[in-house]
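Examining the three-dimensional arrangement
For reference, the chains in residue letters:
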Amino acid sequence: MPLPVLLTGATQRLGLAMAESLLSQNTPIVVTYRTPKQSIHRLEQKGAILIRADFSTQAAIDRAIDEIIAVSPYYRALIHNASDWAQEADNDNYDSLMEQMMRVHVFAPYRINMALETALTHREGPADIIHMTDYVQQTGSAKHVAYAASKAALHNLTLSFAKRLAPSVKVNSIAPALLMFNSGDDEAYREKALKKSLLEIVPGADEAVKAMNYLLESDYITGQTVHLNGGRHLK
Ligand SMILES: NC(=O)C1=CN([C@@H]2O[C@H](COP(=O)(O)OP(=O)(O)OC[C@H]3O[C@@H](n4cnc5c(N)ncnc54)[C@H](OP(=O)(O)O)[C@@H]3O)[C@@H](O)[C@H]2O)C=CC1
Ligand SMILES: Nc1nc2c(c(=O)[nH]1)N=C([C@H](O)[C@@H](O)CO)CN2
């Protein structure tokens, strides 16, 4: 029986697409979700093991770790996808906002990685950690300041865990820019956003699925970032 992949934040968009891809490859998956949705129950019907987890408090992260370890003593990979794209304009408590961003994007991946080190290293075969970061890890963001800082910290975890877990485990970041619009994005925003990259397209969730599968199949990539930004860094 192949070892399971843990994927956090699987209810929608990129996380859901990555979960569906792993299931289509007959890879067992353990997924976390925060909000009950039809999509997560469809994953369960296809064999996914569900863990309800909101990573906004230490106690909730502790509980999630206990449940993850109880499901399986060993894992094929950990994919940290859960994320909250919060912005300063929607918040007036900046201390709470920074804590919220650091909890979901840094505390949760860090604590889960530390707790599952032996789950990844004390067995034969390939092992991976993938952190879903963001193009803004290298540029910052005027409107998502705390979010961008937390994603930069998450990318730094990639570098540290790549050193700490080698040669047993490959550890990489996937740094998307605009892969999918959100339902509230109006035409003006969409037009403007499209122009931010050289390729001027919004490719969809499958771009992240291809990057995830590439990293899982690689034998020689670690400590790297797979940039999915359409050449935005050259605009
Ligand atoms: N889509 C894009 O164009 C880009 C995406 N990225 C990154 O790629 C990843 C996937 O993006 P996308 O699919 O758009 O993300 P979404 O914002 O659509 O979904 C994020 C997921 O994370 C979960 N989540 C949010 N907050 C918490 C929390 N406090 N605790 C636990 N789970 C939480 C949500 O859970 P629920 O639904 O259960 O409430 C949701 O399933 C993210 O890490 C994102 O930062 C980076 C740049 C661009
Ligand atoms: N958790 C999320 N993070 C991000 C999202 C999102 O929808 N959820 N979207 C983006 C934008 O597409 C941005 O890259 C556009 O420049 C960034 N992060």
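Scroll up a little and you will see the structure.
Residues numbered from 1 in each chain as written. Chains lettered and ligands numbered in written order. Predicted model: local features only at pLDDT ≥ 70, side-chain atom pairs only at ≥ 80, totals over all residues. Heavy atoms only, no water.

Quick word on the site of ligand 2
Around ligand 2, the surrounding shell consists of R13, S83, W85, D134, Y147, A177, L178, N182, Y189 and R232. Within the contact set of ligand 2, a nitrogen atom lies 2.8 Å away from a side-chain nitrogen or oxygen of S83. Coverage of ligand 2 by the protein amounts to 80% of the 410 Å² it exposes when considered alone. Each residue belonging to the shell around ligand 2 can be placed in one class, and the counts come to five nonpolar, two polar and three charged. (Near = heavy atom within 4 Å. Polar contact = N/O pair within 3.5 Å; in protein donor to acceptor, adjacent residues only side chain to side chain. Areas by Shrake-Rupley, 256 points an atom, 1.4 Å probe, with all protein chains shown as cover. Nonpolar A, V, L, I, M, F, W, Y, C, P; charged D, E, K, R; others polar.)

Digging into the pairing of strand β4 (residues 77–80)
Residues A77 and I79 line one face of β4 and the alternating positions L78 and H80 line the opposite face, and both faces are buried. Sheet topology places strand β1 (residues 5–8) next to β4; three bridges connect them, and they run parallel. Bridging across to β4, V5 finds its partner in A77. Judged from the four bridges that link them, β4 and strand β5 (residues 128–132) form a sheet pairing that is parallel. Paired with A77 across the bridge in β5 is D128. (Buried < 20%, exposed > 50% of the residue type's maximum accessible area, 1.4 Å probe, protein only. Helix = DSSP H or I, 4+ residues; strand = E, 2+ residues; numbered from the N terminus. Pairing = 2+ DSSP bridges.)

Things to note about the site of ligand 1
Taken together, 27 residues are adjacent to ligand 1, and T11, R34, T35, K37 and A177 come closest. In this structure, an oxygen atom belonging to ligand 1 sits 2.8 Å away from a main-chain N or O atom of L179. Protein contact buries 91% of the 910 Å² of open area that ligand 1 shows by itself. Looking at the shell around ligand 1, the elements with two or more residues in it are α1 (13–24) and α6 (145–165). When its residues are assigned to classes, the shell around ligand 1 shows 13 nonpolar, seven polar and seven charged.

Examining the environment of Y74
With respect to the helices and strands, Y74 occurs in the loop between α3 (58–71) and β4. On the accessibility criterion, Y74 (33% relative accessible area) is partly exposed. Counting along the chain gives 46 residues from Y74 to L120, while the straight-line C-alpha distance between them is 6.1 Å. Excluding residues within four positions of it along the chain, Y74 makes contact with L3, P4, T118, A119, H122 and R123. (Contact = heavy atoms within 4.5 Å.)

Overview of the pairing of strand β2 (residues 29–33)
Counting buried positions along β2 gives five out of five residues, so the element sits mostly inside the fold. Here β1 runs beside β2; their pairing, made up of four bridges, is parallel. What sits directly across from L7, in β2, is V31. Once the chain exits β1 it traverses α1 before rejoining the sheet at β2, and the crossover so formed is right-handed. One ladder, built from four bridges, connects β2 with strand β3 (residues 49–52); its direction is parallel. When the sheet's bridge partners are listed, V31 is paired in β3 with L50. The parallel pair β2 and β3 is bridged by helix α2 (residues 38–45), and the resulting crossover is right-handed. (Right-handed = clockwise from strand over helix to strand, strands pointing away.)

Purely geometric numbers; function is a separate question.
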